[in-house]
Amino acid sequence: MQPFSLVTFGITSNIVQKYLIPSLYDMEEKGLLPANMIIVGIARRQMSEKDLADYLHQTLHLENLHHKHEIKAEVFQKLCKKFCYLSGEIEDRDLYEKLKKTIGEGNIIYYLATYPELYKYVFDNLQKVGLNKQKSGWVRLMIEKPIGHDLLSAKELNELLLNYFTEDQIFRLDHYLGKETLQNILTFRFANGVFEPIINKDHIDHIQITALEDFGIGKRGGYYDQVGALKDVGQNHLLQMLAFATMDAPGEFSNEAVTRERIKILKNLQSLTDKVVFGQYEGYIKEENVAPDSATETFYALKTYIRNERFKDIPIYIRAGKKLKKTATEISIVFKKPANRLFKCFDCGEDEPNVLIYRIQPNEAIVFKILTKLPGHKVKLQPEYMQYCYRIDPHNHYIPDPYERLLVDTIRGDQTFFNDAAEIEAQWAFVDPLIEVRKKPVVYQAGSWGPKEADELIEKDGRKWLEPSMEFCRI
Ligand code: BG6
């Protein structure tokens, strides 16, 4: 593997702690990091080499939903040796002179985990010291959401980026696109001939997309209170889930073709301003760094349609939130019931529809809920799951973390699972009108399924939210 420098602005940020450092550890363990590479951590505070090692050690031992395996001393040591730390002010050119001395030229990845307001200083300074140009190697930039806070600011940021980098250098990261379980939807749909012909309005009754978390905002109040659930996960992760589940087959498996199909879906989503509900969990306003009169939502539910022939008039219900009853993220494609009721038994379960579930997490799976005959003398039906379960062995860490996948893709220069400018803008164009009608959220009980208004949203249409089942693919 070619050597490269990974420069991380904001090494002490929450996102780096939660995702990037654990992924670098995994990559080191799997031999995916070249021996002669360098990882530069940048932040304001002063840190000695020992402080940095302690910080990395602590970070890897923090409780982490997605990274639960053992930290081996020899792997940690190898990783630590690749790290060096630079303290300084992002606005200050000296920092970039120091950086230039540290990494020289060659292949570089910049990973920005800083406030978007600071991006301009980073880009300006990189340009001043000539570190944004691809002279003796490639130079790539990874930036995270939020890419802007609405359509206008996203456009401005996309334009700003082009002043310093070319589009093929810009890797806009939505970690959901790096999830193995999301990427597998494309394989499931387009590598198998049997399912694609039934994923359309003739066979589908509706689609549900759910991302529930049973935990609150933790120590992220400062960030979260400014954005709320719809911008935090709704503008990005959930729309991408929808795009993966509904996009047409790309002409080929390439960045351009796959991205083009995702964008077509995103551009055709209808923002229904009277079909959105905002909720806030009880006690949210007492969380650290949250305004005592905060009107920020920690839950939203909405209904939408895709304006295309394939899904014409098929309702799509989306919900996401924090401090709910369960942690589960999934897409459910709910099929129409058979027209002829052959098994006219009372209360025998004939009314249960078939559901295709893409379970993103936990119990990662693709399952098809079907009706079968309960063994015995009577005709009684029971729902069962035809299931594909990921072989997850916690010791083997079978599913690569999204950040690991996306870092590997960045090293390879493959942008298939990154967002391009038009994609981000389409997402904002859908969300902006919904944000505009955002009212004070209704309070819901922690540990519930969210506010009753969200139930009413779907029940008005004679449907129900599906409770994420833990019955399949149990580890
Ligand atoms: C992040 C959001 O982008 O995604 C968090 O900021 C959310 O609020 C997280 O919890 C969900 O990601 P995952 O991978 O834990 O499902």
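As the structure is a computational prediction, the values presented were derived from the model and not from experiment.

Let us now look at the sheet that holds strand E4 (residues 108–112). With respect to topology, six strands assemble into an open sheet ordered E3-E2-E1-E4-E5-E6, the strand pairing being parallel. Single-partner strands in this sheet number two, and they are strand E3 (83–87) and strand E6 (170–173). Recorded for the sheet is a direction-independent mean angle of 20° between the axes of neighbouring strands. The pairing of strand E1 (residues 5–9) with E4 spans five bridges and is parallel.

Moving on to the UniProt feature "active site" (unreviewed entry) in the protein chain. Residues annotated in UniProt with the feature "active site" (unreviewed entry) correspond here to His-237. Mapped onto the secondary structure, His-237 falls in helix H10 (residues 237–246). Judged by its relative accessible area of 5%, His-237 falls in the buried class. Apart from residues no more than four positions distant in its own chain, His-237 is found in contact with Lys-145, Asp-174, His-175, Tyr-176 and Asp-232.

Moving on to helix H12 (residues 402–412). The element H12 is extensively covered by neighbouring structure, given that nine of its 11 residues are classed as buried. Check the buried side of H12 and you find it contacts E1, helix H1 (14–29), E4, strand E5 (139–144) and E6. Capping the start of H12 is the job of one residue whose side-chain oxygen sits 3.0 Å from the backbone nitrogen of Tyr-403: Asp-401. Looking at the residues trailing H12, positive phi occurs at Gly-413, about 80°.

Tallied over the full model, the rule gives 20 aromatic pairs. An aromatic cluster is defined as three or more aromatic residues linked by ring pairs; in this entry it consists of Phe-188, Phe-195, Phe-335, Tyr-358 and Phe-368. Here the guanidinium or amino end of Arg-140 rests over the ring plane of Trp-138, the centre of that ring lying 4.1 Å away. The side chain of Lys-179 reaches across the aromatic face of Tyr-176, ending 4.7 Å from its centre.

Turning our eyes to something else, we now look at the site of the ligand. Taken together, the neighbourhood of the ligand is formed by 13 residues, with Tyr-176, Glu-213, Asp-232, His-237 and Gln-361 sitting nearest. Separating an oxygen atom of the ligand from a side-chain N or O atom of His-175 is a distance of 2.7 Å. For the ligand, an oxygen atom lies 2.5 Å from a polar atom in the side chain of Tyr-176. Summarising the interface, the protein chains cover 95% of the accessible area of the ligand, which totals 390 Å² for the free molecule. In terms of residue class, the shell around the ligand is built from three nonpolar, four polar and six charged.

As a packed pair, helix H7 (residues 180–191) and H10 sit with axes 9 Å apart at the nearest point and diverge in direction by 10°. Relative to H10, the element H7 lies roughly parallel. Judged by the twist between their axes, the crossing of H7 over H10 is right-handed. Facing Leu-182, Gln-183, Ile-185, Leu-186 and Arg-189 of H7, the residues of H10 in contact are Met-241, Phe-244, Ala-245 and Thr-246. Grouping the constituent residues of the contact of H7 with H10 by class yields six nonpolar, two polar and one charged.

In this section: the environment of Met-27. Looking at where Met-27 falls in the secondary structure, it is placed in helix H1. Residue classification places Met-27 among the buried residues on the basis of a relative accessible area of 0%. For the pair Met-27 and Leu-79, spaced 52 residues apart in the sequence, the C-alpha separation amounts to 9.2 Å. Residue contacts for Met-27: discarding those within four places in its chain leaves Leu-32, Leu-33, Glu-404, Leu-407, Val-408 and Ile-411.

All right, on to the domain arrangement of the protein chain then. Each domain of the protein chain was delimited in the assignment, giving domain 1 (5–144) and domain 2 (177–401 + 417–459). A straight line from the C-alpha centre of domain 1 to that of domain 2 covers 33 Å. In this assembly, nine residues from domain 1 lie in contact with nine residues from domain 2. Where domain 1 abuts domain 2, roughly 720 Å² becomes buried across the two surfaces, and 56% of that area is made up of carbon and sulfur atoms. If you sort the residues of domain 1 by the area they bury against domain 2, Lys-30, His-66 and His-69 come out on top, with a joint share of 47%.

To continue, consider the environment of Thr-59. Structurally, the position occupied by Thr-59 is in helix H2 (residues 49–60). Given a relative accessible area of 3%, Thr-59 falls into the buried group. Leave out the neighbours within four places in its chain, and Thr-59 touches Gln-17 and Ile-21. Among the polar contacts listed, one links the side chain of Thr-59 to the backbone oxygen of Tyr-55, at a separation of 2.7 Å.

Summed over all chains, the structure comprises one disulfide. A sulfur-sulfur separation of 2.0 Å characterises the disulfide bridge that pairs Cys-389 with Cys-473. On the sign convention where negative is left-handed, the bridge of Cys-389 and Cys-473, at about -80° about the S-S bond, is left-handed. Linking Cys-389 in strand E14 (residues 381–389) with Cys-473 in the segment after helix H14 (452–459), this pair joins segments that are 84 residues apart in sequence. For Cys-473, a relative accessible area of 8% corresponds to the buried category. The cysteine Cys-80 is free of any disulfide, with Cys-84 supplying the nearest cysteine sulfur at 12 Å.

The rules behind the values
- Residues numbered from 1 in each chain as written.
- Predicted model: local features only at pLDDT ≥ 70, side-chain atom pairs only at ≥ 80, totals over all residues.
- Heavy atoms only, no water.
- Pairing = 2+ DSSP bridges.
- Helix = DSSP H or I, 4+ residues; strand = E, 2+ residues; numbered from the N terminus.
- Axes fitted to C-alpha atoms, helices over the stretch in contact; angles between N-to-C directions.
- UniProt positions renumbered as here; feature names shortened; annotations may be inferred.
- Buried < 20%, exposed > 50% of the residue type's maximum accessible area, 1.4 Å probe, protein only.
- Contact = heavy atoms within 4.5 Å.
- Polar contact = N/O pair within 3.5 Å; in protein donor to acceptor, adjacent residues only side chain to side chain.
- Phe/Tyr/Trp six-rings, centres within 6.5 Å; stacked < 30°, edge-to-face > 60°.
- Lys NZ or Arg CZ within 6 Å of the ring centre and 35° of its normal.
- Near = heavy atom within 4 Å.
- Areas by Shrake-Rupley, 256 points an atom, 1.4 Å probe, with all protein chains shown as cover.
- Nonpolar A, V, L, I, M, F, W, Y, C, P; charged D, E, K, R; others polar.
- Parallel < 35°, antiparallel > 145°, perpendicular 65-115°, else oblique.
- Left-handed = near helix turned anticlockwise from the far one by under 90°.
- Domains from an automatic or database assignment.
- Buried area = accessible area lost by both parts, 1.4 Å probe.
- Disulfide = S-S within 2.5 Å.

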